[in-house]
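Listed below, chain by chain, are the residues.
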Amino acid sequence: MTNVTVTVNGTSRSAEVEARTLLVEFLRNKLNLTGTHVGCDTSQCGACTVHLNGKPVKSCTMLAVQADGQNVTTIEGVAPGSDLHPMQAAFKECHGLQCGFCTPGMVMSALGIIARHQGRALDEKTVRQELEGNLCRCTGYQGIVNAVLLGAKNMGVKVA
Amino acid sequence: MYDFQYAKLTSVADTVTRRTSDDEASYLAGGMTLIPTLKQRLARPSALLDLSGIADLKGISVANGVLTIGAMTCHADVAASADVRAHIPALASLAVSIGDPQVRNRGTIGGSIANNDPSADYPAAVVGLNATVHTNARAIAADDFFKGLFETALTPGELIVKISFPIPKRAAYAKFPNPASRYAVVGVMVAETLNGIRVAVTGAGACAFRVGDMEAALAKSFSADAIKSIAVPADDLNTDMHATAEYRAHLVGVMARRAVASLAG
């Protein structure tokens, strides 16, 4: 067993883990942060997306030990308490979810898109392309794309 | 996943020494192939030696007409690099076509070429741009590096440190991606280097290969028409659930012509 210490949503969290423990297992099973989902377990669906040092990664395809000493943000960390982040509010507003299973990953990827497009206009084509790491089996994506564009607008990003 | 030991060392020398003392240990770069492989219990390394703490494996630099990329540089950093975009834009656009944003934030150029997946994108760039692969022990020319299906010239324990790309006069990469995985069903890098035209294909065969007939034809006339009649034999190409060998042979021509057309004129 190895002790890992990860700054999760701004708080330093430590736990004893096996080397083979995945980051998503550390978050869900050790820290009880169950907002991060495991959809496919084969690195394809993106439901497990979290931010590692500000960048979206698939937490089912990374070991907890690889995150030792680093910063992780999960869906629980995007807004305080019961407040909704503007991107979460946009998903609610635009019917960007049905069953909701993919939503945490979608929101984390959407925030990655916003971060990559600071100071540049964001368009629908870019949103569709950059959501390619996240699968949704309910919505047909239209509501999600609308939500990302509305969330971007409400976060002060120019939308083309 | 079977359990394993984990070590994150900070120097190339220490990491190679540890690997050399344990035949069953494995290097861990971005883990975008290795971790899914472990999850399926298709491999059982005794230890994973994490390369992410080694400063010497990071960074992108340009000097004397050569662009050098550290082995642990992730695809997103290659795609976003001002140096790569300015000097070899084809390499930046290749990098941004790999996988998805989450994969590009973790997967590395060194991991990709060491793994040598037949459908990986980077091998086409390494061969097409006549790059040199620098390891802890030696420099390996691109034409000598890729040996076969998942097979490279690397000896057990040999570690890729960086890859250097001579800046070409012009280059373009055209890819027919698998719509689900974004791996290359076929990808073709066409480059006019200081030492002539190179056409390198990934996705079609066991590993990246050059098409000499197209290179010769393009040297005479750099146009899509010049290679229109050149057919690549399907005999040794890959057939799988995504495409037959004959279809891949056809795509080699189409992708090569698209790459040339994007440069000509």
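These figures come from a predicted structure and were not determined experimentally. (Residues numbered from 1 in each chain as written. Chains lettered and ligands numbered in written order. Predicted model: local features only at pLDDT ≥ 70, side-chain atom pairs only at ≥ 80, totals over all residues. Heavy atoms only, no water.)

**Some thoughts on the overall build of chain B**
Step number 1: Per the secondary structure count, chain B includes eleven helices and 14 strands.
Step number 2: The C-alpha atoms of chain B give a radius of gyration of 18 Å, which matches the 18 Å a tight globule of 265 residues would have.
Step number 3: Dimensions of chain B, computed from the C-alpha atoms along their principal axes, are close to 55 × 45 × 30 Å.
Step number 4: Looking at chain B as a whole, 57% of its 265 residues are labelled buried.
Step number 5: Restricting to contacts in chain B with at least 6 residues of sequence separation, those with at least 24 account for 58%.
Step number 6: Of the accessible surface of chain B, which amounts to about 11000 Å², a share of 51% is contributed by carbon and sulfur atoms.
Step number 7: Measuring between centres, the 24 positive side-chain charges of chain B sit 5 Å from its 24 negative side-chain charges. (Helix = DSSP H or I, 4+ residues; strand = E, 2+ residues; numbered from the N terminus. Rg over C-alpha atoms; globule rule 2.2 N^0.38 Å. Buried < 20%, exposed > 50% of the residue type's maximum accessible area, 1.4 Å probe, protein only. Contact = heavy atoms within 4.5 Å. Areas by Shrake-Rupley, 256 points an atom, 1.4 Å probe, with all protein chains shown as cover. Lys, Arg positive; Asp, Glu negative; His and termini not counted. Charge placed at Lys NZ, Arg CZ, Asp CG, Glu CD.)

**Things to note about the domain arrangement of chain B**
Step number 1: According to the domain assignment, chain B contains domain 1 (1-53) and domain 2 (170-263).
Step number 2: Between domain 1 of chain B and domain 2 of chain B, the C-alpha centre-to-centre distance is 34 Å. (Domains from an automatic or database assignment.)

**Remarks on the interface of chain A and chain B**
Step number 1: Each side of the interface is counted separately: chain A has 26 residues, and chain B has 26 residues.
Step number 2: Of the roughly 2000 Å² buried between chain A and chain B on both sides combined, carbon and sulfur atoms contribute 54%.
Step number 3: On the chain A side of the contact with chain B, Arg-20, Gln-66 and Glu-132 of chain A bury the most area, a combined 30% of that side's loss.
Step number 4: Put simply, chain A and chain B have five salt bridges between them. (Buried area = accessible area lost by both parts, 1.4 Å probe. Salt bridge = Lys/Arg side-chain N within 4 Å of Asp/Glu carboxyl O.)

**A word on the sheet that holds strand S3 (residues 49-52) of chain A**
Residue and element names in this part refer to chain A.
Step number 1: Taken in spatial order, the five strands of this open sheet run S2-S1-S5-S3-S4, and their pairing is mixed. Of all the strands in the sheet, the pair left with one neighbour each is strand S2 (11-17) and strand S4 (55-58). Across the sheet, the mean angle separating the axes of adjacent strands is 40° when strand polarity is ignored.
Step number 2: Inspection of the sheet shows strand S1 (residues 2-8) paired to strand S5 (residues 71-73) by two bridges, in the parallel sense. (Pairing = 2+ DSSP bridges. Axes fitted to C-alpha atoms, helices over the stretch in contact; angles between N-to-C directions.)

**Things to note about the pattern of salt bridges**
Two side chains carrying opposite charge are able to pair once their charged atoms lie near each other.
Step number 1: A full pass over the atoms with the stated rule returns 17 salt bridges over all chains.
Step number 2: Close ionic contact of Asp-100 of chain B with Lys-58 of chain A constitutes a salt bridge, the shortest N to O distance being 2.7 Å. One end of the pair, Asp-100 of chain B, is in the loop between helix H5 (89-95) and helix H6 (101-104); the other, Lys-58 of chain A, is in strand S4, on a second chain. Here the two residues Asp-100 of chain B and Lys-58 of chain A agree in accessibility, since each one is buried.
Step number 3: Among the ionic contacts, a cluster of salt bridges with common partners joins Asp-143, Arg-198, Arg-210 and Glu-215 of chain B.

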